[in-house]
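As a plain string of letters, each chain reads:
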Amino acid sequence: MLVPSPERTAMEQAATVSGSPTAQGARVPFFSQAAGFAALWPRVEPLLTEVLERGKYSHGPLVGAFEQALARWTGARHVVGVNSGTDALVLLLRAAGLTPDAEVVVPAFSFVASASSVVLAGGRPVFADVDPLTYAMDPDATAAAVTRRTRVLMPAHLFCQTADLGALTEVAERYALTLLEDSAEAIGMRWDGVHAGLVGSGGVLSFFPTKTLGALGDAGAILTDDDRIAETAAALRHHGRFGRTVDDFPAINTESAVPGLNSKMDDFQAAILLAKLGTLEADIARRAELALRYTERLAGCPGVRRLPTVVRRDVPSNPVFYVYLVEVDHRDALVRHLGAHGVETEVYYPTPLPLQPCFADFGHRRGEFPRAEHACAHAVALPLYPDLPDDDLDRVCDLVRAFYGGGGA
């Protein structure tokens, strides 16, 4: 039996991602799940106890149980649990048949893994500028980036809604390309009823702690309806061993058919994710409430140039607010102002991917991706997570308005 410490409970020790809870002062962390995890502890404790008592801590039965539960929740035919969202991208690209030096079109504005995963899988990322409202890969820019060496389109679904999968599917079909989805942030987002990651040949999810469904460490998953991709990805995560490996102790002696990785999911993380899957719908709803409150409080604020925009599509496409991203004047000065008053923010993303030092050999220069560069200079994410109290959100908005002379405390 796991017994929380009387001085400070285990969930408080494990779940506070950044500093002390807001109840101890005026500080508003960018993310914390302390209160939510405390409420979840009765579900988590027996699962963690099961892992400890069984003595198999990685790639065990709870990983299999989580894969099945997530498959039911998303509607995926296959879910392959791995140890991070980045590994999920690398293994998905390899399982989909990416050949050495083949080109993959990715957005110029995203987390670095959207492009570094292509390099790690043996391909070459080619960048496309983004839509100014959704920050997702612009279909026209994507089509313009296609060459005779292009094999894959891999849009990223960022912040609150999917990329334009209708238009991007048309581009993929026009040039006979494989469509894969960097859906790391997109759990709960659906396109015409199909979960993100399943419109193309496959997608991924990240369970980094801040994600809408977050673990207490790194974990990820591949989603696909393709039997071959699923089988290959499952082998690649376990040193290239095909056949049953989850909860199969003798698998260590199985021959490796292809060079793979050690990218198995821990059962501790699977336990956390299994428990949190039961509250996911409520967490998504709470995020939507907070996003609406932000929008109501910040609408018309001088200096706030753009609030999150959910673009209407030709088919049903539901938003899920992972991040509340705004574009503002004097972004860096606002970040310092909020920080001086105890409010943490995150800049998503400070540098366009083509200008990241790790891609310097590609020879890109400023001015080539103006929409991505504009977002990098003006966008900032405000605190948004289910545990965020309304009063703390109001405090953030008051500070933003005060900075721009629009009223507030």
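Cut-off values and rules
All chains use their own residue numbering, which begins from 1 and follows the written sequence. Where local features are concerned, this predicted model is filtered to residues with pLDDT of at least 70; where side-chain atom pairs are given and counted, the filter is 80 or more; whole-chain, interface and lining totals use all residues. Side-chain calculation: all heavy atoms of the structure are included, whereas hydrogens and water are not. When DSSP finds two or more bridges between two strands, those strands count as paired. By the criteria applied, helices consist of DSSP H or I runs no shorter than four residues and strands consist of E runs no shorter than two, each listed in order from the N terminus. The angle between two axes is taken between their N-to-C directions and runs from 0 to 180 degrees, where each axis is a line fitted to C-alpha atoms and a helix contributes only its stretch in contact. What pLDDT conveys is the predictor's confidence in a given residue, as a value from 0 to 100. Any two residues whose heavy atoms approach within 4.5 Å are treated as being in contact. Relative accessibility thresholds used throughout: buried, under 20% of the residue-type maximum; exposed, over 50%; partly exposed, between the two (1.4 Å probe, protein chains only). Note that patches include only residues with greater than 30% relative accessible area and no salt bridge, and the join distances are 9 Å for like charges and 5 Å for nonpolar side chains (Val, Leu, Ile, Met, Phe, Trp, Tyr). To measure how exposed things are, a 1.4 Å probe is used in the Shrake-Rupley method; for residues, cover is taken only from the protein chains shown. We define a salt bridge as a contact between a side-chain nitrogen of Lys or Arg and a carboxyl oxygen of Asp or Glu at a distance within 4 Å. When charges are counted, neither His nor the chain ends are considered; positive counts come from Lys and Arg and negative counts from Asp and Glu. The atoms used to mark charge sites are NZ of Lys, CZ of Arg, CG of Asp and CD of Glu. Angle categories: roughly parallel below 35 degrees, roughly antiparallel above 145, roughly perpendicular from 65 to 115, and oblique for all the rest. Here a crossing is called left-handed whenever its near helix is offset anticlockwise from the far helix by less than a right angle, and right-handed whenever the offset is clockwise. For this scheme, ten residues count as nonpolar: Ala, Val, Leu, Ile, Met, Phe, Trp, Tyr, Cys and Pro. Four count as charged, namely Asp, Glu, Lys and Arg, and the remainder, Gly too, count as polar.

Things to note about the sheet that holds strand β5 (residues 178-181)
Sheet strands associate in pairs through backbone hydrogen bonding, adopting either a parallel or an antiparallel arrangement. The 7 strands lie next to each other as β1-β9-β8-β5-β4-β2-β3, forming an open sheet whose pairing is mixed. Strands at the two margins of the open sheet, each flanked by one partner only, are β1 (78-82) and β3 (124-128). Going across the sheet, the axis of each strand differs from the next one's by a mean of 30°, ignoring polarity. Where strand β4 (residues 150-153) and β5 come together, 2 bridges link them in parallel fashion.

A closer look at the sheet that holds strand β10 (residues 304-306)
Here 3 strands make up an open sheet; going across it, the order is β10-β12-β13 and the pairing antiparallel. Among the strands making up the open sheet, the edge pair consists of β10 and β13 (379-382). Strand-to-strand twist across the sheet, computed as the mean angle between neighbouring axes with direction ignored, equals 55°. One ladder, built from 2 bridges, connects β10 with strand β12 (residues 324-328); its direction is antiparallel.

Overview of the confidence of the model for the protein
For the protein, the average pLDDT comes to 91, and 92% of its residues sit at 70 or higher. Every residue in residues 1-25 scores below 50 in pLDDT, and together they form 40 contacts with partners more than four places removed in sequence or on other chains.

Notes on unusual backbone geometry
Residue tyrosine 349 is bonded to the preceding tyrosine 348 through a cis peptide linkage, with omega at -5°. Here tyrosine 349 is to be found in the loop between α11 (331-340) and α12 (370-378). Look at aspartate 101: it is not a glycine, yet its phi comes out positive at around 70°. On the secondary structure map, aspartate 101 appears in the loop between α4 (85-95) and β2 (103-107). The backbone phi angle of aspartate 192 is positive, close to 50°, even though this residue is not glycine. On the secondary structure map, aspartate 192 appears in the loop between β6 (190-191) and β7 (194-195). Taking relative accessible area as the criterion, aspartate 192 reaches 46% and is therefore assigned partly exposed.

What to know about a positive patch on the surface
Residues Arg124, Arg148, Arg149 and Arg151 make up a contiguous surface patch of positive charge. For arginine 124, the position within the fold is in strand β3. Arginine 124 gets classed as partly exposed once you look at its relative accessible area, which sits at 33%.

Considering the side chain of threonine 210
Mapped onto the elements, threonine 210 comes out in the loop between β8 (202-206) and β9 (220-224). Overall, the relative accessible area of 14% leaves threonine 210 in the buried class. In contact with threonine 210, other than residues within four places in its own chain, are Phe31, Arg287 and Tyr322.

Overview of α4
Quick reminder: α-helices carry 3.6 residues per turn. Residues three or four places apart thus point the same way. Judged by how many residues are buried, α4 sits mostly within the fold: 9 of 11 residues are covered. Considered for burial, the residues of α4 that qualify are Gly85, Asp87, Ala88, Leu89, Val90, Leu91, Leu92, Leu93 and Ala95.

As for the packing of helix α10 (residues 280-298) against helix α13 (residues 390-403)
At a closest axis distance of 10 Å, the pairing of α10 and α13 adopts a crossing angle of 30°. When the axis of α10 is compared with that of α13, the two are roughly parallel. When you trace α10 past α13, the crossing you get is right-handed. Residue-level contacts link Arg286, Leu290, Arg293, Tyr294, Arg297 and Leu298 of α10 to Asp390, Leu393, Asp394, Val396, Cys397, Asp398, Val400 and Arg401 of α13. Its residues assigned to classes, the contact of α10 with α13 comprises 7 nonpolar, no polar and 7 charged.

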